[in-house]
Every structure is written in C-alpha cells, then in structure tokens.
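A structural walkthrough
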Amino acid sequence: MSIELILLIAAIIIVLPLAVYAGWLLWRLSKQNKRSQQLETDYQTLAAEKAQQAEKNILILLLALQKQQLSVTEAAMRISHFSRMLAWPEDDMQPYNAFHQLAQDTSHIPILEQWQALSTQEQQGFDRQRVELEAMHRVNIASASRQLLARLEQVTNINFKE
C-alpha cells in the first residue's frame, strides 16, 4: 500500500464522521430555526390579538366615560394600562398622554383594599384631590377622548355611534 492511499483512508476516517456530525448539527439548527420562527409568529399573533382586545376595551371605557358611568380617574388608569398593549404609530399614541398624565397624577390615591382601610375623613380628602386633579385635566381628557374615539372608529369593526 502506498503512503497516499493510507493518507486518503486516514483522511476519510477523520473527515467522514466530521461531515456526518456537521450535517446533524445543520439539521438541528434548521429544526431550531423553524421552531423559533413558529414561536415568533405565534407571539406576533398573540400580540395582535391582545392589541385588538385592548382597542375594544379602550373603546368601551371611552364610551362609559362619555356617559359618565365611571370617574375620569378610573378611566385614565384603565385606558393608560390598555394603551401600553397597542402597536400604533407614535403620532397616533399622542392622545393617550392626557390619560397617562392623569393616571400618574392620581397614582398616590389608594385603591381597592387600601381605600377600604382608610377612614371616612381620609377618603373624603383623597376624593377632593381626585376631583381637583380631574378638573385640571378635564379639557385634555375630553379632547383626547374625541380623538381616540375617531381613531378607534377607523381601526375597529365596532359600530359605536348611537
């Protein structure tokens, strides 16, 4: 046997398992990429569904606010929360700033169990603060509400005009 044949056999013995291993790694990488793409697609679908549900929730809150079925502060807190789920262009998000601002300004006021734990005097004091803050923000909230109702009319398939 010649030295060249021995080197060829040695090369085949070394390279063939490496080629098989590289092929196996490539197959696993391809499988992982497909799974990653599917997860990304699922995530985008879920995010779109959440955004669509958030739009509907915001619409319901705006209509309830229009009919004075909830306080401006409560609407601001809830609308501010739901607006974070939206993927609108930045310019279309501007009206939410009025709701974010009121929600931030009233964030020190206790809610739920903390509210119940307050004395009547403390509750009345916080109510006065809330009413004053709502009055300060009323014009901006009203303007933002009109803009958002118009925008939501465009992006939802809900007919909400009476």
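Quick caveat: nothing in here was measured; it's all calculated off a predicted structure.

1. Overview of helix 2 (residues 72-83)
One full turn of an α-helix is made of 3.6 residues, so residues set three or four places apart face in the same direction. Helix length check: helix 2 (12 residues) gives 16 Å between terminal C-alpha atoms against 16 Å at 1.5 Å per residue, within 8%. Those residues of helix 2 lying buried are Val72, Thr73, Ala75, Ala76, Ile79, Ser80, Phe82 and Ser83. For helix 2, the elements touching its buried residues are helix 1 (3-66), helix 3 (90-93), helix 4 (96-105) and helix 6 (120-155).

2. Topic: the environment of Ser145
Within the secondary structure, Ser145 is located in helix 6. Beyond its immediate stretch of four places on either side in the chain, Ser145 contacts Leu62, Leu65 and Phe99.

3. Here's the deal with the side chain of Ser80
Within the secondary structure layout, Ser80 lies in helix 2. Exposure remark for Ser80: the relative accessible area of 4% places this residue in the buried category. One polar contact links Ser80 to His100, side chain to side chain, over a distance of 2.6 Å. The contacts of Ser80, once residues within four sequence positions are left out, are Ala75, Phe99, His100 and Ala103.

4. Details of the packing of helix 1 against helix 2
Two elements in contact, helix 1 and helix 2, have axes separated by 9 Å at closest approach and are oriented at 165°. One finds that helix 1 runs roughly antiparallel with respect to helix 2. Handedness of the crossing formed by helix 1 with helix 2: left-handed. Taking contact as the criterion, the partners of Ala54, Asn57, Ile58, Leu61, Leu62 and Leu65 in helix 1 are, on helix 2, Val72, Ala75, Arg78, Ile79, Phe82 and Ser83. The residue makeup of the contact of helix 1 with helix 2, split by class, is nine nonpolar, two polar and one charged.

5. Here we look at the nonpolar core
Generally speaking, soluble globular proteins have nonpolar side chains that are buried together. Counting 27 residues, the largest nonpolar core has Ile58, Leu62, Ile79, Leu86, Tyr96 and Phe99 as its most contacted members. Elements supplying a minimum of two residues to this core: helix 1, helix 2, helix 4 and helix 6. Per element, the largest residue contribution to this core is eight residues, and it comes from helix 1. Every residue in contact with Leu86, bar those within four places of it in the chain, is listed here: Ala51, Ala54, Glu55, Ile58, Met93 and Tyr96.

6. Side note on the packing of aromatic side chains
Scanning the entire structure with this criterion turns up two aromatic pairs. Plain terms: the ring middles of Trp88 and Tyr96 are 5.6 Å apart, the flat faces sit at 55° to each other, and that makes the pair tilted. One exposure class covers both Trp88 and Tyr96, and it is buried.

7. Overview of the environment of His100
Mapped onto the fold, His100 is located in helix 4. Sequence spacing of His100 and Arg78 is 22 residues, and the spatial spacing of their C-alpha atoms is 9.6 Å. Other than its neighbours up to four places away in sequence, His100 contacts Ser80, Ser83 and Arg84.

8. A few points about the pattern of salt bridges
Enumeration over the complete set of coordinates arrives at four salt bridges. Asp92 serves as the salt-bridge partner of Arg151, at 3.1 Å between the closest nitrogen and oxygen. A residue pair is termed long-range when its members are at least 10 positions apart, and Arg151 in helix 6 and Asp92 in helix 3 qualify at 59 residues. A salt bridge links Glu134 to Arg130; its shortest N-O distance comes to 3.0 Å. Placement of the pair is Glu134 and Arg130 together in helix 6, with a separation of four residues, close to one helical turn.

Rules of the game
- Residues numbered from 1 in each chain as written.
- Predicted model: local features only at pLDDT ≥ 70, side-chain atom pairs only at ≥ 80, totals over all residues.
- Heavy atoms only, no water.
- Helix = DSSP H or I, 4+ residues; strand = E, 2+ residues; numbered from the N terminus.
- Expected span 1.5 Å × (residues − 1).
- Buried < 20%, exposed > 50% of the residue type's maximum accessible area, 1.4 Å probe, protein only.
- Contact = heavy atoms within 4.5 Å.
- Polar contact = N/O pair within 3.5 Å; in protein donor to acceptor, adjacent residues only side chain to side chain.
- Axes fitted to C-alpha atoms, helices over the stretch in contact; angles between N-to-C directions.
- Parallel < 35°, antiparallel > 145°, perpendicular 65-115°, else oblique.
- Left-handed = near helix turned anticlockwise from the far one by under 90°.
- Nonpolar A, V, L, I, M, F, W, Y, C, P; charged D, E, K, R; others polar.
- Core = buried A, V, L, I, M, F, W, Y, C linked by side-chain atoms within 4.5 Å.
- Phe/Tyr/Trp six-rings, centres within 6.5 Å; stacked < 30°, edge-to-face > 60°.
- Salt bridge = Lys/Arg side-chain N within 4 Å of Asp/Glu carboxyl O.

On their own, these measurements won't tell you what the molecule is for.
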